[in-house]
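Take a look at the letters that make up each chain.
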Amino acid sequence: MRNVKEPLIGQPGLPPAEGEAEHLALALANSAIALTGGHTVDLLGSPAQANHWLAERGLAPVDAGMREMCATQLRSLREHIRSLFASRAAGLPALPAAIGAVNDAMTRIPTAALLQWDDQRGPYRSTPHPTTAIVDHALAVLAADAADLLTGPDADRLTACGSAPCNRFLLRHGRRHWCSTRCGDRARAARAYARRTASP
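Residues numbered from 1 in each chain as written. Predicted model: local features only at pLDDT ≥ 70, side-chain atom pairs only at ≥ 80, totals over all residues. Heavy atoms only, no water.

With that out of the way, let us pick up the side chain of D145. Inspection of the secondary structure puts D145 in helix α5 (residues 134-151). For the buried D145, which has no salt bridge, the nearest side chain bearing the opposite charge is R57, at an N-O separation of 9.8 Å. Contact partners of D145, with chain neighbours within four places excluded, come to E22, H23, L24, A25 and L26. (Helix = DSSP H or I, 4+ residues; strand = E, 2+ residues; numbered from the N terminus. Buried < 20%, exposed > 50% of the residue type's maximum accessible area, 1.4 Å probe, protein only. Lys, Arg positive; Asp, Glu negative; His and termini not counted. Salt bridge = Lys/Arg side-chain N within 4 Å of Asp/Glu carboxyl O. Contact = heavy atoms within 4.5 Å.)

The following block contains the structure:
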């Protein structure tokens, strides 16, 4: 049996990667974080953490009462989106299962605002998301954002962080290809160490 490090609980102390503010799907992809020493942080590791993550982004009420099945669906979509981002960043073909999962998530909720009637307000249109459909709505929003990112003008800027063991994605700004100052410092230190040990 392999020696696998236990996931760490809590925030890793990393700032959001470039592009996360504009693209929720990028933030979702970066919610599983690899750290040095073989440690990981999963911001969706429990139903409460998944609920908190969604609530912070306006995709669920704070008291949604997320269950493990819901958190599992969110983590599954995250892995499919990560797969698509990795394929795009590396210029490789995407896995059909990942494309299917994103398309499935986007079609789970109606996209048209439906006609509703309130005795006091009268007729109005809204997209319904009852409590039981909160996760479906969040998955659809995240999947649509991933599709927009992969097909939009920012797609060419999508890249993986260039500092091992980091597994986060970002939108490249200029020549920068690290998700944080910490990762940039670590990559520069590794290059400097390699130069020192390579010279006689």
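Having seen the model, we can carry on.
Enumeration over the complete set of coordinates arrives at one aromatic pair. Taken together, a centroid distance of 5.8 Å and an interplanar angle of 75° make the contact between F85 and F169 edge-to-face. Within this pair, whereas F85 is found in helix α3 (residues 68-90), its partner F169 is found in strand β6 (residues 169-171), the two being separated by 84 residues in sequence. Across this residue pair, the class does not change: F85 and F169 are buried. The ring of Y124 is capped by R121, whose NZ or CZ atom sits 3.9 Å from the centre of that ring. (Phe/Tyr/Trp six-rings, centres within 6.5 Å; stacked < 30°, edge-to-face > 60°. Lys NZ or Arg CZ within 6 Å of the ring centre and 35° of its normal.)

Take the nonpolar core next. L54, L77, I81 and F85 are the most contacted members of the largest nonpolar core, which totals 40 residues. Top element by residues in this core is α5. It accounts for nine residues. Within the second largest apolar cluster, seven residues are counted, among which are A17, C161, L170 and W178. (Core = buried A, V, L, I, M, F, W, Y, C linked by side-chain atoms within 4.5 Å.)

This brings us to the packing of α3 against helix α4 (residues 96-106). The N-to-C vectors of α3 and α4 enclose an angle of 125°; their axes lie 9 Å apart at closest approach. Looking at the two axes, α3 sits oblique to α4. The crossing of α3 and α4 is left-handed. Along its contact with α3, which presents L77, H80, I81, S83 and L84, the element α4 presents A97, A98, I99, A101, V102 and A105. (Axes fitted to C-alpha atoms, helices over the stretch in contact; angles between N-to-C directions. Parallel < 35°, antiparallel > 145°, perpendicular 65-115°, else oblique. Left-handed = near helix turned anticlockwise from the far one by under 90°.)

What follows covers the environment of I33. Along the chain, I33 turns up in strand β1 (residues 32-34). Owing to a relative accessible area of 3%, I33 belongs among the buried residues under this scheme. As a C-alpha pair, I33 and P165 span 132 residues in sequence and 9.3 Å in three-dimensional space.

Side-chain pairs of opposite charge can arise where the charged atoms are in close proximity. Scanning the entire structure with this criterion turns up nine salt bridges. Salt-bridge contacts for E20 lead to R168; the nearest nitrogen and oxygen are separated by 3.8 Å. Residue E20 is found in the segment before α1 (24-29), and its partner R168 is found in the loop between β5 (158-160) and β6; the two are separated by 148 residues along the sequence. The buried category is assigned to E20, whose relative accessible area is 11%. Among the residues examined, R168 registers a relative accessible area of 3% and is labelled buried. Ionic pairing is found between D154 and R157, a salt bridge with its closest N-O pair at 3.0 Å. Through salt bridges with shared partners, a single ionic network connects D42, R78 and E79.

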